[in-house]
Amino acid sequence: MFKRLVQLFFLLVLVAVAGLVWFSWYASTPLLVPVGAAESSASGESMIMEPVETVSADGTAIAGYLVRPRLSGTLTPRQNRVRDALKLRGNMTHLDEKPELVVICTSWDNGVQGSLPLAEGLTGAGYSCLVWNPRGRDNTRRYCTYGLKEYADVTALLDAVAEKTGGLPPVAAVGQGFGAAVLLKAASEDPRIRCMVSMDCFPSLKTVAMREMEQDWGKTLCYPAFWLMDAGVAWRADFSTFDVAPVDYALKLDYPAMVVCTNQYFFSTLEDSLSIYDSLKNDKKQLYESIREGEPYGTKERTFLHVIEGKKGEKFEKTYKVNVYDGDDELQAGIAEWIHDNTRMPMPRVLMNESYRFPVTAAAPSGR
């Protein structure tokens, strides 16, 4: 009898351990292998797309495109709408080809196709853009690390463009969601990026994971569920959700930055955008949000009172000026103006008899 009880006990322990392991795998999968939302289509026929190939820090081949405007031919409806919006705004009088390079990154698994709608609008304003397929699209990196390791690919691509074109023009970065986390990390490491547009970025991966766990499991169970999920991330991909914190990357930036909340994604709220905005040291920063339901047509700005409750119940209030945009075309026109106004920050000063070296891509952590 006793022997049977011991066997039953060990069987129950084995089943419990197996259940915990399964849950760790199940809960960590959406973070490590995210599924991007459906992207709006864009046609490459209105743009000149030159292949750019390089090798990143861990020896993996990275493939992308240098996308140039084709302003002499027929423009797409999106390009015409962005150009019309810029003409109405009146701040960019010349919409011919510009010297700046815009690095664009959006979703983890849609790659170039996910970035082309932004590139299409910005090439309509005259900018050249750099887009590429992040590691998730071709499974060369099995798991997403939200910029923790992918950022080194950006430096490698900029090196490749500099070699291809005989030099690197002023660089701006435009990222959304996963892409914003990647480019905030890259901008904090590579001073060739002169200004940043962060769209729908989360303050930390832990914040997003905890928020989702609380909604799914309630306050009582969310903590053990989160720790099991984080253990699954560490077990499978060798990093922790605590390691991915774009809000910390923003603290290192001293460049002009535009922070945008489109209200399109569950993982990024206006409060999340405020965390990124507050972390930026440069005084030249702006906060944008899409127009809200019920707001009068033509609304251009509003004030937002943000209330934070402290650990002891105390409340802190801060008022923000929020620029309001209506529709993707107006947003892209605003981004084009921001880049035009803020890519003229000088490169880091180099003392006499001292040479400046860009970040060594071979020193970045391996994602294999």
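Everything in this summary refers to the structure shown in the same document. Because the structure is a prediction, the values reported are computed rather than measured. Along every chain, residues carry numbers that run from 1 in the direction the sequence is written. Two thresholds apply to this predicted model, a pLDDT of at least 70 for residue-level local features and 80 or more for giving and counting side-chain atom pairs, whereas whole-chain, interface and lining totals are computed over all residues. Heavy atoms from the whole structure form the basis of all side-chain values; hydrogens and water molecules are not counted.

In this scheme, patches are assembled from residues that exceed 30% relative accessible area and form no salt bridge. Like charges are connected within 9 Å, while nonpolar side chains (Val, Leu, Ile, Met, Phe, Trp, Tyr) are connected within 5 Å. Note on areas: these come from Shrake-Rupley sampling with a 1.4 Å probe, and a residue is covered only by the protein chains present in the view. The salt bridge criterion pairs a side-chain nitrogen of Lys or Arg with a carboxyl oxygen of Asp or Glu, the two atoms within 4 Å. On the surface, a nonpolar cluster with roughly 760 Å² of combined accessible area is contributed by Met-1, Leu-5, Leu-8, Leu-11, Leu-12, Leu-14 and Val-15. With respect to the secondary-structure elements, Leu-11 resides in helix α1 (residues 2-32). Each residue is assigned to one of three classes by its accessible area relative to the maximum for its type, calculated with a 1.4 Å probe on protein chains only: buried under 20%, partly exposed between the two thresholds, exposed over 50%. We classify Leu-11 as partly exposed; its relative accessible area is 47%. Only runs of H or I of at least four residues qualify as helices and only runs of E of at least two qualify as strands under DSSP, and these elements are numbered from the N terminus.

Looking at the element boundaries, Arg-302 is found in strand β9 (residues 301-309). Judged by relative accessible area, which is 13%, Arg-302 ranks as buried. C-alpha separation for the pair Arg-302 and Lys-321, spaced 19 residues apart in sequence, amounts to 6.0 Å. Note on contacts: a residue pair is in contact if any heavy atoms of the two residues lie within 4.5 Å. Here Arg-302 is in contact with Glu-289, Ser-290, Ile-291, Arg-292, Glu-295, Tyr-320, Lys-321, Val-322 and Val-324, once residues within four sequence places are set aside. Looking at Arg-302, its side chain comes within polar contact range of the side chain of Glu-289, at 2.4 Å. One polar contact links Arg-302 to Glu-295, side chain to side chain, over a distance of 2.7 Å. N or O atoms within 3.5 Å of each other form a polar contact, as long as, within protein, one can give a hydrogen and the other can take it, and as long as residues adjacent in sequence are counted only when both atoms are side-chain atoms.

One full turn of an α-helix is made of 3.6 residues, so residues set three or four places apart face in the same direction. In this model, helix α9 (residues 328-342) (15 residues) spans 21 Å end to end at C-alpha, consistent with the 21 Å of a helix rising 1.5 Å per residue. Burial analysis of α9 places 11 of its 15 residues in the buried class, which makes it a mostly covered element. Among the residues making up α9, those that are buried are Glu-330, Leu-331, Gln-332, Ala-333, Gly-334, Ile-335, Ala-336, Glu-337, Trp-338, Ile-339 and Asn-342. In this analysis, the expected span of each helix is defined as 1.5 Å times one less than the number of residues it contains.

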